[in-house]
Amino acid sequence: MKLYTYEGAPNPRRVHMYLVERGIEDIEFVTKNIMARENRTPEFLETVNVMGGLPVLELDDGSHIPESVAICRYLEKVRPGPALFGDTPEGQAQVDFWLRRLELNFMVQVGLVWIHGSPITKVVNPNQIEAAANSARKNVGRYHGFLNEQLGAREYIAGDGFSMADIVALTTLEFGQDLNQLDYDTAALPHLAAWHDRVGNRPSATTTRMKLQ
């Protein structure tokens, strides 16, 4: 199998973290530089991912699975190892609803700041809407507070054990910090800070920290 990926992006980082957590080491990485739009060439769009996004997993038969969570779900089924999507029906449902919450309420807002408020993306989006970026910044701050409240009662996002929900939350949080200046007050949000320290210092996190190339 091959993974089309890019180290400077949050969604590929999700899969990289997942692979480290599961101890999967035999997948070939094929880097496509999104800053050079290597994932938007006619060939890539036609043969790999019509949407042009990364990451994409290429199977041995030449077929492709796009989208980070779908890739990790596939690997969860075909590779033995610790379950990161829950190991009971209740646990799986809890991971699933947290993944949806995080995507819709956190990643979308961080993404709006990236699209409308970053000098990096202004090159490809000269018609940035400052009001949209400012509104999204406020929403990200509110979600930091929401996560802090939720983490006051447990160590991890979706319960007592580390899961894919923690991977999505961490990669989104640090995408906000590293590339969008969306930091949070650790003193005011101690539960979020403690979780961030706990999860952010796992080997899967420290070895995959994003770096824009």
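Residues numbered from 1 in each chain as written. Predicted model: local features only at pLDDT ≥ 70, side-chain atom pairs only at ≥ 80, totals over all residues. Heavy atoms only, no water.

Q: Before we go on, may I ask you to explain the packing of helix 1 (residues 10-22) against helix 3 (residues 68-78) in this structure?
A: Two measures define how a pair of helices packs: the angle their axes make with one another and the distance between the axes. Direction vectors running N to C along helix 1 and helix 3 enclose 20°, while the axes themselves pass 9 Å from each other. Taken together, the axes of helix 1 and helix 3 are roughly parallel relative to one another. Relative to helix 3, helix 1 is oriented so that their crossing is right-handed. Contact residues: N11, R14, V15, Y18, L19 and R22 in helix 1; S68, V69, I71, C72, L75 and E76 in helix 3. Of the residues in the contact of helix 1 with helix 3, the class split is seven nonpolar, two polar and three charged. (Axes fitted to C-alpha atoms, helices over the stretch in contact; angles between N-to-C directions. Helix = DSSP H or I, 4+ residues; strand = E, 2+ residues; numbered from the N terminus. Parallel < 35°, antiparallel > 145°, perpendicular 65-115°, else oblique. Left-handed = near helix turned anticlockwise from the far one by under 90°. Contact = heavy atoms within 4.5 Å. Nonpolar A, V, L, I, M, F, W, Y, C, P; charged D, E, K, R; others polar.)

Q: Quick question: what am I supposed to make of helix 1 here?
A: The periodicity of an α-helix, 3.6 residues per turn, causes residues three or four positions apart to be oriented the same way. Over its 13 residues, helix 1 extends 19 Å from the first C-alpha to the last, a length consistent with the 18 Å expected when each residue adds 1.5 Å. The buried fraction of helix 1 amounts to eleven of the 13 residues, a majority that puts the element mostly inside the structure. Residues of helix 1 that are buried include every one of P10, P12, R13, R14, V15, H16, M17, Y18, L19, E21 and R22, and no others. Residues of helix 1 that are buried make contact with strand 1 (2-5), strand 2 (28-31), helix 3, helix 4 (89-117), helix 6 (164-180) and helix 8 (203-206). (Expected span 1.5 Å × (residues − 1). Buried < 20%, exposed > 50% of the residue type's maximum accessible area, 1.4 Å probe, protein only.)

Q: How should I be thinking about the nonpolar core in this particular structure?
A: In this structure, Y18, L57, L75, L102, I157, M164 and W195 are the most contacted members of the largest nonpolar core, which totals 53 residues. Of all the secondary structure elements, the ones that give two or more residues to this core are helix 1, helix 3, helix 4, helix 5 (130-150), helix 6 and helix 7 (190-200). The residues contacting W195, other than those within four sequence positions of it, are L151, E155, Y156, I157, D166, A169, L170, L173 and G200. Of all hydrophobic cores here, the second largest spans eight residues; its members include Y4, A9, V48 and L54. (Core = buried A, V, L, I, M, F, W, Y, C linked by side-chain atoms within 4.5 Å.)

Interpretation in functional terms is not warranted from these geometric data alone.
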